[in-house]
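Overview (structure and organization)
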Amino acid sequence: LVGGVLAGEELGEALLQPARHGARPGTAAPLETVLDHELVHVLLGRAFGPRPVPRWLQEGLAQLLAREYTPDKTRALANGVLGGNLLGIEDMTGGFPADPIRARLAYAESADLVAFVQNHFGRDAIHALVREMARGAPAGAAIRRATGLSITDLDARWRAGLQQGPFWIAPLADGQVFLGVAGLAFLVAAAFALRRRRRRLEAWAREEAELEARLAAEAIRRRAPLAGEPQEPPDLVVH
């Protein structure tokens, strides 16, 4: 019994333990969502029989069909993108990491991967994945038959889409990180403002010096006759 749910894939049953406020202990998920999630595990277990279900397909499909789209999953994906720690499809086939943070990332990635396949190749691709792998086809062969891509190409396209998305912004929304980045942004903006002000003052100083030089040259030109011009004799003083 884990988290209020006992799922028996071999027996084809899922038992839910009632909890306060209709939620599963330790989570905010309603019992209906938990039941949907666990029923997917049961159905996949029956379809695959003794064959192991790839972990990313198992958990990704369960989260997708149970509509478990939570801010925690977005934050986990964002942290994975920002830290360059994304897991590949083959990394999530046999199992998820033991480290809790990496495991959360694997759960979030598996949900996003299955959603990516459905959004880009249609629901038929999901059905084909389940059907082919349940028959014993390796993950790479099943992916090629379902999507037309090799497992390497699908992995690259999926992860490239993650890295080009807005997920990297999410960690900045956390309090301390946001304040730190905001403070840094303020300092950078202030530095640029001071630099612009200094350049403006230097430009004004150059313009003023040029204007003074032009005025001085004009004054000298007016006082001194040009070459070849007749000069008026000095005034005679009669004593």
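Residues numbered from 1 in each chain as written. Predicted model: local features only at pLDDT ≥ 70, side-chain atom pairs only at ≥ 80, totals over all residues. Heavy atoms only, no water.

1. Overview of the overall build of the protein chain
Looking only at helices and strands, one finds eight helices and two strands in the protein chain. Along the chain direction, N to C, the helices and strands of the protein chain fall in the order β-β-α-α-α-α-α-α-α-α. In the protein chain, buried positions account for 33% of the 239 residues. (Helix = DSSP H or I, 4+ residues; strand = E, 2+ residues; numbered from the N terminus. Buried < 20%, exposed > 50% of the residue type's maximum accessible area, 1.4 Å probe, protein only.)

2. Topic: the nonpolar core
Counting 42 residues, the largest nonpolar core has Phe48, Trp56, Ile89, Met92, Leu129 and Met133 as the members making the most contacts within it. Breaking this core down by element, the ones donating at least two residues are α1 (31–48), α2 (55–65), α3 (71–83), α4 (100–121), α5 (123–134), α6 (139–147) and α7 (151–164). No other element matches α4, which puts eight residues into this core. In this structure Leu129 touches Trp56, Val117, Ala142, Ile143 and Ala146, once residues within four positions along its chain are discounted. (Core = buried A, V, L, I, M, F, W, Y, C linked by side-chain atoms within 4.5 Å. Contact = heavy atoms within 4.5 Å.)

3. What to know about α4
Side chains of residues three or four places apart in an α-helix project in the same direction, reflecting 3.6 residues per turn. With 22 residues, α4 ought to run about 32 Å at 1.5 Å a step, and its terminal C-alpha atoms sit 31 Å apart, in line with that. Taken as a whole, α4 has its buried residues at Ala103, Leu105, Ala106, Ala108, Glu109, Ser110, Ala111, Leu113, Val114, Ala115, Phe116 and Val117. Looking at the buried side of α4, the elements it contacts are α2, α3, α5, α6 and α7. The N-cap of α4, judged by a side-chain oxygen 3.3 Å from the amide nitrogen of Ile101 a few residues on, is Asp99. Once α4 finishes, Gly122 follows within two positions and takes phi at roughly 90 degrees, a positive value. (Expected span 1.5 Å × (residues − 1). Polar contact = N/O pair within 3.5 Å; in protein donor to acceptor, adjacent residues only side chain to side chain.)

4. Some details on the pattern of salt bridges
Under the defined criterion, the tally for this structure stands at five salt bridges. Of the charged contacts in the structure, one is a salt bridge between Glu59 and Arg55, with a shortest N-O distance of 3.6 Å. Taken together, the residues Glu59 and Arg55, both in helix α2 and four residues apart, mark about one turn of the helix. The class for Glu59 is buried, based on a relative accessible area of 8%. For Arg75, the salt bridge goes to Asp72, with nearest N and O atoms at 2.3 Å. Placement of the pair is Arg75 and Asp72 together in helix α3, with a separation of three residues, close to one helical turn. Residue classification places Arg75 among the partly exposed residues on the basis of a relative accessible area of 34%. Salt bridges sharing partners connect three or more residues here, namely Glu132, Arg135 and Arg145. (Salt bridge = Lys/Arg side-chain N within 4 Å of Asp/Glu carboxyl O.)

5. Some points on α1
Its 18 residues give α1 an end-to-end C-alpha distance of 26 Å, which sits within 8% of 26 Å, the value for a rise of 1.5 Å per residue. All of the buried residues in α1 are Thr33, Val34, His37, Glu38, Val40, His41, Val42, Leu44, Gly45 and Phe48. Two residues or fewer after α1 comes Gly49, characterised by a positive phi angle close to 60 degrees.

6. Notes on the packing of aromatic side chains
As enumerated under the stated definition, the model contains one aromatic pair in all. Summarising the aromatic geometry, the rings of Phe96 and Tyr107 are spaced 4.9 Å apart at their centres and angled 80 degrees between planes, so their arrangement reads as edge-to-face. Taken together, the residues Phe96 in the loop between α3 and α4 and Tyr107 in helix α4 connect sequence positions eleven residues apart. Note on Phe96: relative accessible area 15%, which makes it buried. Sitting over the ring of Phe96, Arg55 keeps its end group 4.6 Å from the ring centre. (Phe/Tyr/Trp six-rings, centres within 6.5 Å; stacked < 30°, edge-to-face > 60°. Lys NZ or Arg CZ within 6 Å of the ring centre and 35° of its normal.)

7. Digging into the confidence of the model for the protein chain
Overall, the predicted model of the protein chain reaches an average pLDDT of 75, with 67% of residues at or above 70. Highest mean pLDDT in the protein chain belongs to α6 (95); lowest belongs to strand β1 (residues 5–8) (44). In the model, residues 21–27 has pLDDT below 50 throughout and makes 15 contacts with residues more than four positions away in sequence or in other chains. Segment residues 168–185 is flagged for pLDDT under 50; beyond a separation of four residues in sequence, or across chains, it makes 13 contacts in the model. (pLDDT = per-residue confidence, 0-100.)

8. As for the packing of α5 against α6
Put simply, α5 and α6 touch, their axes get as near as 9 Å, and they point 145 degrees apart. At the point where α5 passes α6, the crossing takes the right-handed sense. Side by side, α5 and α6 meet where Ala125, Ala128, Leu129, Glu132 and Met133 of the first sit next to Ala139, Ala142, Ile143, Arg145 and Ala146 of the second. Looking at the contact of α5 with α6 residue by residue, the class counts come to eight nonpolar, no polar and two charged. (Axes fitted to C-alpha atoms, helices over the stretch in contact; angles between N-to-C directions. Left-handed = near helix turned anticlockwise from the far one by under 90°. Nonpolar A, V, L, I, M, F, W, Y, C, P; charged D, E, K, R; others polar.)

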